[in-house]
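# A structural walkthrough
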Amino acid sequence: MPLLEQIKNSGDIQQLTRKELRVLANEIRNRIIDVVSKNGGHLASSLGAVELTLAIHYVFDLPKDTLIWDVGHQAYAHKLLTGRNDRFDTLRQYKGISGFTKIKESPYDGFTVGHSSTSISAGLGVCYGKYLNGDESDVISVIGDGSLTAGLAYEGLNQAGDLKKRNLIVILNDNDMSISHNVGALSSFLSRTFSAKYLQSMRNQFGAFLKSLPRIGDEIYHIAKRSEESFKTFITPGMLFEAFNFDYFGPIDGHNLDHLIDILTNIKNPEDPVLLHVTTVKGKGYGPAEKNPVYFHGVGSFEINTGKSNAKPNGIPSYTQVFGRWMVNLGKRIPKLSP
Ligand SMILES: Cc1ncc(C[n+]2csc(CCOP(=O)(O)OP(=O)(O)O)c2C)c(N)n1
């Protein structure tokens, strides 16, 4: 019997070995791909969050600890693990499983959602409520890098850093993508700091520069090498989140279950708000979605082997196409409209 069919809640997941967790991750991906290929849905986001979901369920005491997914569109694995596997083929159907998290659907869904960028504020609200009730369980808000570009997310960070309530853990699920590619200063800051190649070349150039300094160069180079850790913190987003009074951990590989479980175990029940930064691949484990995460962000029915859409063209353009064409034409006529 497949492992997935035996899992009804977090308690069942906690009985599994690390090897079984990896088998379960595969089964989850296959189930998600199968159902979304028929019903449509948010495929790439959910595939990218499978290991993260498993690790959270493995480490935390859900639903006593509260898990809040931003938007709720990446929570299919979470649904499969919380007693909704047998009904999962009704995903996004009339009276079926919702495409987002929904308190009425399950006690494991910490927030009813659909709009982006709300999870930190919602998490803080729940955390503060728990504090007033003397409840020391954790609140975990998972937010994507795309959703972190909106102002509401910063209102949440700002207030959380001010109230400094313990037990709030924000996990930044950074796949370097929003629905489409991110734009703006934050995303270039994030991707610049995460590229290992960039870090390496910057380190080499800086090292060569230090060494070239007459007399003192070699000595400074060795001191700089010893303080590489603080150097890295200085140029990673750690400084951004630490400015909001969050303890920052990461970035770590969001597909490495062992690392995820270890770090989540270490940071649970924090004294101060914590931000854990994980990097993931949107569409992970399904070739067509990894290649084209924009198309597979929210997709209609498709052929699993090829990833090709099953939609039969009816010649009627969509609202998005009409609006897009109209804007492009307008841009051609009015040059000031183009960025
Ligand atoms: C208020 C609001 N604006 C826009 C959207 C459309 N939307 C859906 S998901 C998303 C962000 C997706 O990026 P990210 O948070 O990085 O998650 P990913 O899908 O990449 O895992 C947005 C903007 C929304 N749901 N709510």
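Keep in mind that this is a model prediction, so the values were computed, not measured.

### Looking at the sheet that holds strand β4 (residues 247-253)
Reading across from one edge, β1-β2-β3-β5-β4 is the order of the five strands in this open sheet, with parallel pairing throughout. Edge positions in the open sheet fall to β1 (66-69) and β4, since each of these has one partner strand only. Sheet twist, expressed as the average angle between the axes of neighbouring strands with direction ignored, equals 20 degrees. As paired elements, strand β2 (residues 139-144) and strand β3 (residues 168-174) share six bridges and run parallel to each other. Its bridge partner lying in β3, S141 is registered against V170.

### Details of a nonpolar patch on the surface
Together, F323, W326, M327, I334 and L337 give the surface a local cluster of nonpolar side chains, amounting to about 510 Å² of exposed area. Take W326: it is sitting in helix α16 (residues 319-333).

### Focus on the packing of helix α3 (residues 18-39) against helix α14 (residues 257-267)
The geometry of α3 relative to α14 is characterised by a closest axis approach of 11 Å and an angle of 115 degrees between their N-to-C directions. Like other packed secondary-structure pairs, α3 and α14 cross with a definite hand, here right-handed. On α14, the residues touching R18, L21 and R22 of α3 are L257, D258, I261 and D262. When grouped by side-chain class, the residues that make up the contact of α3 with α14 number three nonpolar, no polar and four charged.

### A word on the site of the ligand
Among the 16 residues in the neighbourhood of the ligand, the closest are listed as S45, H73, S116, G146 and S147. Measuring from an oxygen atom of the ligand, one finds a side-chain N or O atom of S147 at 2.6 Å. Within the complex, the protein chains bury 76% of what would otherwise be the 580 Å² of accessible surface of the ligand. By residue class, the composition of the shell around the ligand is three nonpolar, eleven polar and two charged.

### Structural notes on the pattern of salt bridges
Applying the stated rule across the entire model yields nine salt bridges. The shortest N-O distance in the salt bridge between D262 and R18 comes to 3.9 Å. A residue pair is termed long-range when its members are at least 10 positions apart, and D262 in helix α14 and R18 in helix α3 qualify at 244 residues. Classification of D262 by relative accessible area gives partly exposed; the value is 39%. A salt bridge links D258 to R22; the shortest N-O distance between them is 3.8 Å. Separated by 236 residues along the polypeptide, D258 in helix α14 and R22 in helix α3 bring together distant segments of the chain. By relative accessible area, R22 is classed as partly exposed at 42%. Connected via shared salt-bridge partners are R18, R22, D258 and D262.

Parameters and conventions
Residues numbered from 1 in each chain as written. Predicted model: local features only at pLDDT ≥ 70, side-chain atom pairs only at ≥ 80, totals over all residues. Heavy atoms only, no water. Pairing = 2+ DSSP bridges. Helix = DSSP H or I, 4+ residues; strand = E, 2+ residues; numbered from the N terminus. Axes fitted to C-alpha atoms, helices over the stretch in contact; angles between N-to-C directions. Patch = residues over 30% accessible without salt bridge, like charges linked within 9 Å, V, L, I, M, F, W, Y side chains within 5 Å. Areas by Shrake-Rupley, 256 points an atom, 1.4 Å probe, with all protein chains shown as cover. Salt bridge = Lys/Arg side-chain N within 4 Å of Asp/Glu carboxyl O. Left-handed = near helix turned anticlockwise from the far one by under 90°. Contact = heavy atoms within 4.5 Å. Nonpolar A, V, L, I, M, F, W, Y, C, P; charged D, E, K, R; others polar. Near = heavy atom within 4 Å. Polar contact = N/O pair within 3.5 Å; in protein donor to acceptor, adjacent residues only side chain to side chain. Buried < 20%, exposed > 50% of the residue type's maximum accessible area, 1.4 Å probe, protein only.

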